[in-house]
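# Notes for the structure review
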There are 2 protein chains.
Amino acid sequence: MNIILLSGGSGKRLWPLSNDIRSKQFLKLFKKSDGSYESMLQRVYSAIKRVDSDAIVTIATSKNQVSAINNQLGSEVNISIEPCRKDTFPAIALATAYLHDVKNVDLNEAVVVCPVDPYVDDDYFEALNKLCKQAEKDDANLVLMGIEPTYPSEKYGYIVPVDKKDTSEVSMFKEKPKIEKAMSYIKQGALWNGGVFAYKLKYVLGKAHELIDFKDYYDLFAKYETLNKISFDYAVVEKEQKIQVMRFSGKWKDLGTWNTLTEAMEEHIIGKAMLGSNCSNVHIINETNIPMLAMGLENVVISAGPDGILISDKGESSFIKPYVERIIQPTMFAEKSWGSYKVIDITPESMTIKITLNAGTSMNYHSHQKRNEVWVAILGKGKTIVDGMEQPIKAGDIITIEAGCRHTVIAETELQLIEVQLGKDISADDKQTFRLEK
Amino acid sequence: MNIILLSGGSGKRLWPLSNDIRSKQFLKLFKKSDGSYESMLQRVYSAIKRVDSDAIVTIATSKNQVSAINNQLGSEVNISIEPCRKDTFPAIALATAYLHDVKNVDLNEAVVVCPVDPYVDDDYFEALNKLCKQAEKDDANLVLMGIEPTYPSEKYGYIVPVDKKDTSEVSMFKEKPKIEKAMSYIKQGALWNGGVFAYKLKYVLGKAHELIDFKDYYDLFAKYETLNKISFDYAVVEKEQKIQVMRFSGKWKDLGTWNTLTEAMEEHIIGKAMLGSNCSNVHIINETNIPMLAMGLENVVISAGPDGILISDKGESSFIKPYVERIIQPTMFAEKSWGSYKVIDITPESMTIKITLNAGTSMNYHSHQKRNEVWVAILGKGKTIVDGMEQPIKAGDIITIEAGCRHTVIAETELQLIEVQLGKDISADDKQTFRLEK
């Protein structure tokens, strides 16, 4: 099957572990049988490959997630990069054009679109496969997945099918309802709309050409910033008459808040932490190196990382968004294509960072105008290039980089540096990158 | 008045902010009228000076608290340093000998002994003054303060006076009782024993000479390590017949747990933190730079520092000791005579530290056998001496120190360094200090 995974933006509801750069799908919270942890993205990706080893998986996302995706899935995965965020219709049109023009998928083949972060079992991916096959039959232009509701949720839209068959025509759509309405919809046999659907490439490309003037993927990519924001539901789904829904009754959870996310965790503690006396239903995810002790708490989630520390009643945790928006500070941790960095000290005229480069990777060749930098290597070996001059670096070595100097570091083994930035107005924006002359 | 403040050891009950080096009396948790914060030590010291500006205050403590005391009270305060911890009788004998032999206090003068950390108002110190005057009258060898109980506490010993006068003979002492006994003691007119008493110097020095073979303060100091551990209560108080108790009915709190300590805090938050929706009776003390958000919590204390993060129901917080004893890690923050240091990164073969030296201070001249060090100055100016060679240092400068090199830094202004330690088996014990030849 062809599958487009929509990888969404910043998840403020999972602050402090998700931020503008690291979305919730990248959090490694799910224990594997070997004892290590995987993210929602890794969990979904490996399930798809398990169910259909030939599946062509394309991740539709923005530029700033590419490093994290490559770190977690390797560089082989297809990524349809949105030059900027433009809602789901442009994103799906771009990814569909990518499949056709870059991956040479036939216009008559079907593709299934699904969010990157459902918490599901393998039967879900088998259902996606069936959805894809149904879309290839030409019975309908669009085949939606309808999830059997387990409670009268106010968080989802509802799809009302004309009958109770496995695959039915859609009678109508209902917006997110209040609980009483939700109960009555469910009585009528309505299903949750989980944002999962399949179509033939030619169908969505046709819709795209109706709404946007473009030639092919490359042209669409080039003019992406000029497109209007419009959702796929509004642009396509709600207007389509030839539309079916397939029922899915397996496990399906949307782990969008700490409350729901901790329900899916196998253990109560990830990271350095201890539950003391009289704790019940407490979950701790501690990504800092500071040991944590919880005592006498009930129904509480604690999650801590370099960006923040949340201590919340589980039910209350779904209301964190407005509070998190008030917390303004630089990103203290980020995954990069070459590894990761973590801010370990900030003063008005300095910033100290721990940099970890994976073996075989390198930074961009770049310079800063307003700061000098000092690198002290604390692990591994590699080489540095400063203003064109190459020299080896190993644990214990010091490199000084004046403002204006072009510099990079290339890791032979895993390489860790303490970087001290010195200057006024230190900012991530103060960076120019250059092509490295060989 | 002469007053000896007993400054006790590590307060595990106030983990993570107190540790082996920083005891609870040094935590700056009490807001002053100018908006800044002071510690219990500073609060008590300034109250004594307010009540009796001529008071001679001597702090009896161990060596590792001297830096913190000088940082908080200045270098003028008298400190009777215990070479090692030997319980209260040797400590009080040493401090009393110090008053006589070093401070030339007459043997017929009285001194009052009191713990360094009661949470009290000025009337308490006026009562100490009266206690001291009563001890000079020769009616008794020892005059205790008896605190009017406010509830039948199981935490304190009780003093039973013979009558209900302000100053009475002591009838008997009672060990920490169970609650029913405590209630019956209180009915009999018993008072709490807060460990506060006054005596003439010659009385305790006489007792000391009975139990210990020593000439004077200097001799006692020299043989301190050979002394037996014995409490003042056991060695002196319980055996004394000529003993009185003076009633005190003012405010007196022992802030030994997070529960009682937070009751005395003026604000709910110290440090970077926000109380979100539905929090009641929540206190946060955040000494890290990581912003904190609490949501939907009740009767909870959160305290965080480089050594740990505690999240506890307030009542439950008095039971943390056994859990804290299981958390073994190097001290991540310490006050030193020259300022402070904070560990900001640890790897198996490196440790990165932020060092802040106060203006006009300097470290010991010292060397390490098993590690190289790199200093990157990020603020201020001063000079360094490395193997006898002096050179200026200012923000942006780098100093490398090979294992075996003797080194120090002298701060002209406030000086901040990022220190990267490199080597196997990095340990605080790997340090030799030297006299600096002028």
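Our subject is the structure that appears above.
None of the values given here were measured: they were computed from a predicted structure.

Here is what the cut-offs are and how they apply
- Residues numbered from 1 in each chain as written.
- Chains lettered and ligands numbered in written order.
- Predicted model: local features only at pLDDT ≥ 70, side-chain atom pairs only at ≥ 80, totals over all residues.
- Heavy atoms only, no water.
- Buried < 20%, exposed > 50% of the residue type's maximum accessible area, 1.4 Å probe, protein only.
- Helix = DSSP H or I, 4+ residues; strand = E, 2+ residues; numbered from the N terminus.
- Contact = heavy atoms within 4.5 Å.
- Pairing = 2+ DSSP bridges.
- Phe/Tyr/Trp six-rings, centres within 6.5 Å; stacked < 30°, edge-to-face > 60°.
- Lys NZ or Arg CZ within 6 Å of the ring centre and 35° of its normal.
- Least-squares fit on C-alpha atoms with pLDDT ≥ 70 in both.
- Axes fitted to C-alpha atoms, helices over the stretch in contact; angles between N-to-C directions.
- Salt bridge = Lys/Arg side-chain N within 4 Å of Asp/Glu carboxyl O.
- Buried area = accessible area lost by both parts, 1.4 Å probe.
- Polar contact = N/O pair within 3.5 Å; in protein donor to acceptor, adjacent residues only side chain to side chain.
- Nonpolar A, V, L, I, M, F, W, Y, C, P; charged D, E, K, R; others polar.
- Parallel < 35°, antiparallel > 145°, perpendicular 65-115°, else oblique.
- Left-handed = near helix turned anticlockwise from the far one by under 90°.
- Disulfide = S-S within 2.5 Å.
- 1 Å grid on protein atoms, 1.4 Å probe; cavity = no way out; pocket = protein on both sides within 12 Å on 5 of 7 lines; lining within 4 Å.
- Points joined across faces, edges and corners; volume = space filled by probe spheres on them.

## Here we look at helix α6 (residues 201–211) of chain B
Listed as buried for α6 of chain B are L201, Y203, V204, L205 and A208 of chain B. On the buried face of α6 of chain B, the contacting elements are α3 (88–101), β6 (110–115), β8 (142–147), β11 (191–200) and α8 (232–235) of chain B.

## Some points on the pairing of strand β6 (residues 110–115) of chain A
Both faces of the sheet carry side chains from a regular strand, because those side chains alternate between them. All names here are of chain A. With respect to burial, β6 is a largely interior element, five of its six residues being buried. The pairing of strand β1 (residues 2–6) with β6 spans five bridges and is parallel. Along β6, the bridge assignment pairs L5 with C114. With four bridges joining them, β6 and strand β11 (residues 191–200) adopt antiparallel strand pairing. Along β11, the bridge assignment pairs V111 with Y199.

## Considering unusual backbone geometry
Apart from glycine, the bulk of residues carry a negative phi angle, and the bulk of peptide bonds sit in the trans form. Residues and elements named next belong to chain A. With an omega of 5°, the peptide bond running from W15 to P16 counts as cis. Mapped onto the elements, P16 comes out in the loop between β1 and β2 (28–31). Phi at D87 takes a positive value of approximately 70°, unusual for a residue other than glycine. Checked against the element boundaries, D87 lands in the loop between β5 (78–82) and α3 (88–101). Overall, the relative accessible area of 38% leaves D87 in the partly exposed class.

## A word on the packing of aromatic side chains
Residue and element names in this part refer to chain A. Per the counting criterion, the structure on display carries 30 aromatic pairs over all chains. Members of the aromatic cluster, joined through ring pairs, are F89, F197, Y199 and F232. For R43, the ring lying beneath its charged end belongs to F30, and the centroid distance is 6.0 Å. For R406, the ring lying beneath its charged end belongs to F434, and the centroid distance is 3.7 Å.

## Points about the environment of V237 of chain A
Residue and element names in this part refer to chain A. Within the secondary structure, V237 is located in the loop between α8 (232–235) and β12 (243–248). The buried category is assigned to V237, whose relative accessible area is 2%. Considering only alpha carbons, one finds V237 and D216, 21 residues apart in sequence, at a separation of 23 Å. V237 has contacts with L142, L144, F173, F232 and I243, leaving out every residue within four places of it along the chain.

## Quick look at the relation of the copies chain A and chain B
Overlay of chain A on chain B (RMSD 0.1 Å): rotation 180°, translation along the axis 0.0 Å. In the structure described here, the two chain copies are related by an operation that fits a two-fold rotation axis. Within chain A, I344 of chain A has its C-alpha nearest the rotation axis, a separation of 3.0 Å. Of the interface residues in chain A, 100% have counterparts in chain B that sit at the interface too, so the contact is made through matching surfaces.

## Things to note about the side chain of S80 of chain B
Considering the arrangement of structural elements, one finds S80 of chain B in strand β5 (residues 78–82). Those residues in contact with S80 of chain B, other than ones at most four positions away along the chain, are T58, I59, A60, T61, L94, A95 and Y98 of chain B.

## Focus: the sheet that holds strand β29 (residues 415–422) of chain B
Residues and elements named next belong to chain B. If you walk across this open sheet you meet the six strands as β20-β21-β22-β29-β24-β27, and the pairing is antiparallel. Across the chains shown, the open sheet's two edge strands, defined by having one partner strand only, are β20 (333–336) and β27 (398–401). Going from strand to strand, the sheet's axes swing by 20° on average, the running direction of each strand aside. When strand β21 (residues 339–347) meets strand β22 (residues 350–357), the two strands line up antiparallel, connected through eight bridges. In the sheet register, T347 faces β22, and the bridge partner there is S350.

## Observations concerning the pattern of salt bridges
Residues and elements named next belong to chain A. For the coordinates displayed, the defined rule picks out 30 salt bridges over all chains. In this structure, K223 engages D219 in a salt bridge whose closest nitrogen and oxygen atoms are separated by 3.2 Å. Looking at K223, the relative accessible area reads 24%, which means it is partly exposed.

## What about the interface of chain A and chain B?
If you look at the interface, chain A gives 54 residues, while chain B gives 54 residues. Of the roughly 4,200 Å² buried between chain A and chain B, counting both surfaces, carbon and sulfur atoms make up 71%. Together, L293, M295 and I311 of chain A form the three largest contributors to the area buried by chain A at its contact with chain B, with a combined 16%. Where chain A meets chain B, there are two salt bridges. Here D345 of chain A and K354 of chain B are joined by a salt bridge, their closest N and O atoms 2.9 Å apart. Our enumeration of links across chain A and chain B arrives at 18 residue pairs in polar contact (both at pLDDT 80 or more). Residues belonging to the side of chain A that touches chain B are distributed by class as follows: 31 nonpolar, 16 polar and seven charged. The pairing of strand β19 (residues 308–313) of chain A with strand β17 (residues 292–295) of chain B spans four bridges and is parallel.

## A few points about the packing of α3 of chain B against α6 of chain B
All names here are of chain B. Across the interface, α3 lies against α6 with an axial gap of 9 Å and an inter-helix angle of 125°. It follows that α3 is oblique to α6 by the angle criterion. Here α3 and α6 pass one another in a crossing that is left-handed. On α6, the residues touching F89, I92, A93, T96, A97, L99 and H100 of α3 are L201, V204, L205, K207, A208 and L211. Here the contact of α3 with α6 is composed, by residue class, of 10 nonpolar, two polar and one charged.

## Considering the packing of helix α1 (residues 40–51) of chain B against helix α4 (residues 122–136) of chain B
Residues and elements named next belong to chain B. Following both chains from N to C, one finds α1 and α4 inclined at 60°, their axes separated by 9 Å at the closest point. It follows that α1 is oblique to α4 by the angle criterion. Considering the relative orientation of α1 and α4, their crossing is right-handed. Taken together, the residues of α4 that come into contact with α1 (itself represented by V44, A47, I48, R50 and V51) are D122, F125 and E126. Here the residues of the contact of α1 with α4 are counted per class, giving five nonpolar, no polar and three charged.

## Some remarks on the state of the cysteines
The final tally for this structure, using the stated rule, is zero disulfides over all chains. In this structure C114 of chain A is not part of a disulfide, and its nearest cysteine sulfur, from C132 of chain A, lies 11 Å away.

## Remarks on empty space enclosed by the protein
Residues and elements named next belong to chain A. A complete count under the given rule lists one cavity of 30 Å³ or more for this structure. The computed volume of the largest cavity comes to approximately 40 Å³. Lining the largest cavity we find P16, L17, N19, R22, E287, G305, P306, D307 and F333.

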